[in-house]
Amino acid sequence: MSAVTVTRETPRWALPRFMTAEHPFPWLAPITVMLLVFGIYPLAYSVWLSFHKRNVVSRQLDFAGLHQWTRAFSDARMWHSLETTLIYTFVALAVQLALGILIALLLDTDRKGYGVLRALMTLPLVVPPAVTGMMFLLMQDGSFGVLSFYLYALDLISPAQPILTQPGTALAAILLADIWQWTPFMVLIILAGLRALPKEPFEAAAIDGANGIQTFWRLTLPMLRKVIAVAVLIRGVDLFRIYDYVYIITAGGPGTATETLSFYAGRIYFTGDFPYAATLSLIVLVVLIVVSNLFVRLFKVRF
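Now for a description of the structure that goes with this document. In this numbering scheme, every chain counts its residues from 1 along its sequence in written order. Only residues with pLDDT of at least 70 get local features here, since the model is predicted, and only at 80 or more are side-chain atom pairs given and counted; chain-wide, interface and lining totals rely on the full set of residues. Processing note: side-chain calculations cover all non-hydrogen atoms of the structure and skip hydrogens and water entirely.

When helices and strands are counted, the protein shows 13 helices and 2 strands. Compactness check: the protein gives a C-alpha radius of gyration of 27 Å against a globular reference of 19 Å for 303 residues, more than 25% above the reference. Principal-axis analysis of the C-alpha atoms gives the protein an extent of 105 × 80 × 35 Å. The 303 residues of the protein split such that 35% are buried. Should any heavy atoms of two residues lie within 4.5 Å, those residues are counted as being in contact. Long-range contacts, defined here as pairs at least 24 residues apart, represent 66% of the contacts in the protein between residues at least 6 apart. Each helix corresponds to a stretch of at least 4 residues labelled H or I by DSSP, and each strand to a stretch of at least 2 residues labelled E; elements are numbered beginning at the N terminus. C-alpha atoms define the radius of gyration in this analysis, and the globule rule sets the expected value at 2.2 Å times the number of residues to the power 0.38. Exposed residues in this analysis have more than 50% of their type's maximum accessible area, buried residues have under 20%, and partly exposed residues fall in between, with area computed by a 1.4 Å probe over protein chains only.

On to the packing of helix α10 (residues 225-240) against helix α13 (residues 274-299), then. Contact pair α10 / α13: the axes reach a minimum separation of 11 Å and the direction vectors enclose 175°. One finds that α10 runs roughly antiparallel with respect to α13. Contacts from Arg225, Lys226, Ala229, Val232, Leu233, Val237 and Phe240 in α10 reach Val284, Val287, Leu288, Ser292, Phe295, Val296, Leu298 and Phe299 in α13. Each residue gets one label: Ala, Val, Leu, Ile, Met, Phe, Trp, Tyr, Cys and Pro are nonpolar, Asp, Glu, Lys and Arg are charged, and the others, such as Gly, are polar. Per-class residue counts for the contact of α10 with α13 are 12 nonpolar, 1 polar and 2 charged. To define axes, lines are fitted to C-alpha atoms, for helices over the stretch in contact only, and angles between the resulting N-to-C directions are given on a 0 to 180 degree scale. Should an angle lie under 35 degrees it is considered roughly parallel, over 145 roughly antiparallel, and from 65 to 115 roughly perpendicular; all remaining angles are considered oblique.

Of note, the amide linkage connecting Gly253 to Pro254 takes the cis form, showing an omega dihedral of 0°. With respect to the helices and strands, Pro254 occurs in the loop between α11 (244-250) and α12 (261-270).

As a further point, take the packing of α12 against α13. At a closest axis distance of 8 Å, the pairing of α12 and α13 adopts a crossing angle of 165°. Between α12 and α13, the interaxial angle falls into the category roughly antiparallel. For the pair α12 and α13, the crossing hand works out as left-handed. Only Phe274, Tyr276, Ala277, Leu280, Ser281, Ile283 and Val284 of α13 make contact with α12, whose side of the interface consists of Leu261, Ser262, Tyr264, Ala265, Ile268 and Tyr269. Of the residues that constitute the contact of α12 with α13, the class distribution is 11 nonpolar, 2 polar and no charged. In this scheme the crossing of two helices becomes right-handed for a clockwise turn of the near helix relative to the far one and left-handed for an anticlockwise turn of less than a right angle.

Two distance rules govern patches: like charges are joined within 9 Å, and nonpolar side chains (Val, Leu, Ile, Met, Phe, Trp, Tyr) within 5 Å, applied only to residues with over 30% relative accessible area and no salt bridge. Calculation of accessible area relied on Shrake-Rupley with a 1.4 Å probe; when residues are assessed, cover is drawn exclusively from the protein chains displayed. Any Lys or Arg side-chain nitrogen found within 4 Å of a carboxyl oxygen on Asp or Glu counts as a salt bridge. Counted charges follow a simple rule, with Lys and Arg positive, Asp and Glu negative, and His plus the chain ends left uncounted. Just so you know, the charge point we use is NZ for Lys, CZ for Arg, CG for Asp and CD for Glu. Taken together, the side chains of Arg225, Lys226, Lys300 and Arg302 make up a positively charged region of the molecular surface. Examined against the element boundaries, Arg302 turns out to sit in the segment after α13.

Assignment of secondary structure puts Gln181 in helix α7 (residues 167-196). Dropping the residues within four chain positions of it, Gln181 is found in contact with Pro124, Leu125, Val127, Pro128, Pro129, Thr132 and Tyr245.

Our focus in this paragraph is the environment of Leu221. Considering the arrangement of structural elements, one finds Leu221 in helix α9 (residues 212-223). Considering only alpha carbons, one finds Leu221 and Ile101, 120 residues apart in sequence, at a separation of 9.3 Å. Residues in contact with Leu221, not counting those within four places in the same chain, are Ile101, Phe216 and Ile228.

Here it is in structure tokens:
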């Protein structure tokens, strides 16, 4: 029997190796292009803008060096908006974390009906923030808001001083909307962490006679440390750049009492002073990068 020799014809042309499926480039190319177009380019353009000044007469951009940066750091309104942002972020984060841990502990059970409750917890997350802001604006309206009505009835506030017209209560009104919508996010992350904890340490603690409070402080909380750190980092970044609730509920008022740094940058942008608005946005970015890196190093967060 004679052997049959099979020959494979070499194609006249072939794609370069970096364009074939065996190479990572075709798979990374789409996300790389999106990152360059929607991430790197806007950032580079903002940095370029921050070194220019808009000429009101010619409507052209003139190079101004560090003028916008020195203007920002000498702007009392910028420091006030930064202080408001930090207060808002700290209070909202503390309340959402405390409620998130408490509700997650209550829902960490396999009893009948709790699965439905866990599913219902996700409903506020699917509501657009603009809708949430409008809903709380109507609820806290000084004339017909249902929340204002009950606060008047309980003599907690006076009809002569509605919620949205006082600096302290106006900020609390925005916080209430944020807490209602995003506490379920903390609950879901912490609940997932609770479900992933090993059972053996808790069984040993029960045998040793530890009560629920001791188990929580000495076992549950330390073992959830990394999960809580990730949840705090994600929510902290989102809270620091808050804009939508402020715009819809108070528009930064009364006066500038609830004006956050992102909202102040947006307000400057719509006046046409694009270089200064870009500078304020970069300050937000720099603060987030510095604080986030310090937080990651402090809590040794790994992704």
